[in-house]
Amino acid sequence: MNVRELVSALNDFASPALAESWDNVGLLVEPSPPHTVNTLFLTNDLTEEVMEEAVQKKADLVLSYHPPIFTPLKRVTWKTWKERLVVRALENRIGIYSPHTAYDAIPHGVNNWLTKGLGACTSVPLHPSTAPSSPAEGTHRVEFCADAEHLDAVLSKIKDVPEISCLTTLPARVEGEEQTRVSLNCSQKALLEIVALLSQNNLLHHKTEILLLQKPLLPHTGMGRLCTLSEPVSLSDIIERIKGHLQLPHIRVAVGAGRTLESPVKKAALCAGSGSSVLKGTEADLYLTGEMSHHDVLDAVANGISVILCEHSNTERGFLSELRDTLAIHLQNKINIIVSEKDRDPLQVA
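Here is what the cut-offs are and how they apply
Residues numbered from 1 in each chain as written. Predicted model: local features only at pLDDT ≥ 70, side-chain atom pairs only at ≥ 80, totals over all residues. Heavy atoms only, no water. UniProt positions renumbered as here; feature names shortened; annotations may be inferred. Core = buried A, V, L, I, M, F, W, Y, C linked by side-chain atoms within 4.5 Å. Buried < 20%, exposed > 50% of the residue type's maximum accessible area, 1.4 Å probe, protein only. Domains from an automatic or database assignment. Helix = DSSP H or I, 4+ residues; strand = E, 2+ residues; numbered from the N terminus. Contact = heavy atoms within 4.5 Å. Phe/Tyr/Trp six-rings, centres within 6.5 Å; stacked < 30°, edge-to-face > 60°. Lys NZ or Arg CZ within 6 Å of the ring centre and 35° of its normal. Polar contact = N/O pair within 3.5 Å; in protein donor to acceptor, adjacent residues only side chain to side chain. Salt bridge = Lys/Arg side-chain N within 4 Å of Asp/Glu carboxyl O. Axes fitted to C-alpha atoms, helices over the stretch in contact; angles between N-to-C directions. Left-handed = near helix turned anticlockwise from the far one by under 90°. Nonpolar A, V, L, I, M, F, W, Y, C, P; charged D, E, K, R; others polar.

In the annotation of an unreviewed UniProt entry, the chain is listed under the name NIF3-like protein 1 and assigned to Platysteira castanea. According to the UniProt record, the Function (unreviewed entry) comment for the chain is "May function as a transcriptional corepressor through its interaction with COPS2, negatively regulating the expression of genes involved in neuronal differentiation." Quoted straight from UniProt, the Sequence similarities (unreviewed entry) entry for the chain says "Belongs to the GTP cyclohydrolase I type 2/NIF3 family."

Draft legend 1. Up close: the nonpolar core. By size, the foremost hydrophobic cluster in this structure holds 68 residues, and its most contacted members are Tyr103, Ile308 and Leu327. Split by domain, this core shows at least three residues from each of two domains, domain 1 (3-100 + 316-339) and domain 2 (106-129 + 220-309). The next biggest cluster of nonpolar side chains, apart from the first, holds 17 residues, and it includes Leu46, Ala54, Ile69 and Leu85.

Draft legend 2. Quick look at the UniProt feature "binding site: a divalent metal cation" (unreviewed entry) in the chain. Within this numbering scheme, the UniProt entry marks His66, Asp104, His312 and Glu316 as carrying the feature "binding site: a divalent metal cation" (unreviewed entry). The largest pairwise C-alpha distance within this set of annotated residues, which runs over 251 residues, is 13.4 Å, so the set is compact in three dimensions. With respect to the helices and strands, His66 occurs in the loop between strand S3 (61-64) and helix H3 (81-91). When near neighbours in sequence (up to four residues on either side) are disregarded, His66 contacts Asn44, Asp45, Ser98, His100, His312 and Glu316. Within the fold, Glu316 resides in the loop between strand S14 (306-309) and helix H11 (319-330).

Draft legend 3. Quick peek at the packing of aromatic side chains. For the structure on display, the rule yields three aromatic pairs. Arranged with centres 6.2 Å apart and planes meeting at 80°, the rings of Tyr103 and Phe319 form a pair that is edge-to-face. With a gap of 216 residues between them, Tyr103 in helix H4 (residues 101-105) and Phe319 in helix H11 connect regions that are remote in the sequence. Taking relative accessible area as the criterion, Tyr103 reaches 1% and is therefore assigned buried. Taken together, Phe13, Tyr103 and Phe319 form an aromatic cluster joined through their ring pairs. Directly above the aromatic system of Trp78 lies the positively charged group of Arg84, at a separation of 6.0 Å from the ring centroid.

Draft legend 4. Here's a closer look at the side chain of Asn111. Mapping Asn111 onto the fold places it in helix H5 (residues 110-115). Classification of Asn111 as buried rests on a relative accessible area of 1%. Separated by 2.8 Å, the side chain of Asn111 and the backbone nitrogen of Ala272 make a polar contact. In this structure Asn111 touches Asp104, Gly224, Arg225, Leu270, Cys271 and Ala272, once residues within four positions along its chain are discounted.

Draft legend 5. Looking closely at the domain arrangement of the chain. Segmenting the chain into domains produces domain 1 (3-100 + 316-339), domain 2 (106-129 + 220-309) and domain 3 (140-212). Computed from C-alpha atoms alone, the centre-to-centre distance between domain 2 and domain 3 is 50 Å.

Draft legend 6. Up close: helix H2 (residues 48-56). Of the residues making up H2, those classed as buried are Val50, Met51, Glu53, Ala54 and Val55. Along its buried surface, H2 packs onto strand S2 (39-43), S3, H3 and strand S4 (95-98).

Draft legend 7. Here's a closer look at the pattern of salt bridges. The tally for this structure, following the rule as stated, stands at 18 salt bridges. Where Glu178 meets Arg173, a salt bridge forms, and the shortest distance between an N and an O atom there is 2.2 Å. Arg173 sits in the exposed class, given a relative accessible area of 57%. Notably, a salt bridge pairs Lys280 with Asp299, separated by 3.7 Å at the nearest N-O pair. Highlighted residues: Lys280 in the loop between helix H9 (276-279) and strand S13 (286-291) and Asp299 in helix H10 (residues 294-302), separated in sequence by 19 residues.

Draft legend 8. Layout of the packing of helix H1 (residues 3-13) against H11. Contact geometry of H1 with H11 gives a least axis separation of 11 Å together with a crossing angle of 115°. The way H1 lies across H11 gives a crossing that is right-handed. Across the interface between the two elements, Ala9, Leu10, Asp12 and Phe13 from H1 touch Leu323, Thr326, Leu327 and His330 from H11. Among the residues making up the contact of H1 with H11, the classes are represented as five nonpolar, two polar and one charged.

Below is the structure:
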């Protein structure tokens, strides 16, 4: 596949618009065109060791879950390891694509995969995503009534206000009088001008409505998950399930105040990677994530919530095998997809 065709297909699989605003997702490094992708190489972290593996396996595009370029590069030299990644990629005509938090949000993404470690359960996003765009333009809808005496003058002035859309008029009867109902969409900035205009013309009264236009929520899409287990399970059993799912010999556990390893877990809140900000304030029996700050763990424990930490990328990496199979179907088996064997969490238990 041509790299642009492949990137379009990857964006269809998980829209970059679903990523967090602070994130850096999408095509990060592109070799000069034309560039054909025969082999797509999946990794959680693109380290120099993983890049060498991608070169040896003749990859044409690396899909790195974490973006290797996050803060802006001021130069591309051989001085730092992230600069060297870009040099090696371009020298070997390897593109780099990163989905990161877009894969956290989608229903078939990283967090959904992580829920499988809990056993049979239902889940909903902790922070639902809104549609990237909606049919309605603007941020607000304004509706008001005007009589024939004011209508033409007001409409003339309204049409001069920037960022106005969907302006319509309809006949209306208000308190037995023939009037015109005016409806329009506008931006936040334009709203202030519209309100001032209506006030000047004595039209801002109880027949005026100002509605906030909100983008619709996307089903099953968003950051984190709140999981309700089909049957309560002891914390010790949950620990063993998670270790098995993530294929880890050890994980870190903080038992909530007033709880024991035999206490039942019915609700679990989880977030792959670093979950403090996503999980904070959620009522649950258990928090499951890769890493949390010391003080956030103390807060959870004080509130009777147990915490399981598995290290950041250990809560994400296992998803790559499932992603390989899902992408193969999505891309109609047009390209070879392989998962890195060198990619691993930098932290080990000694």
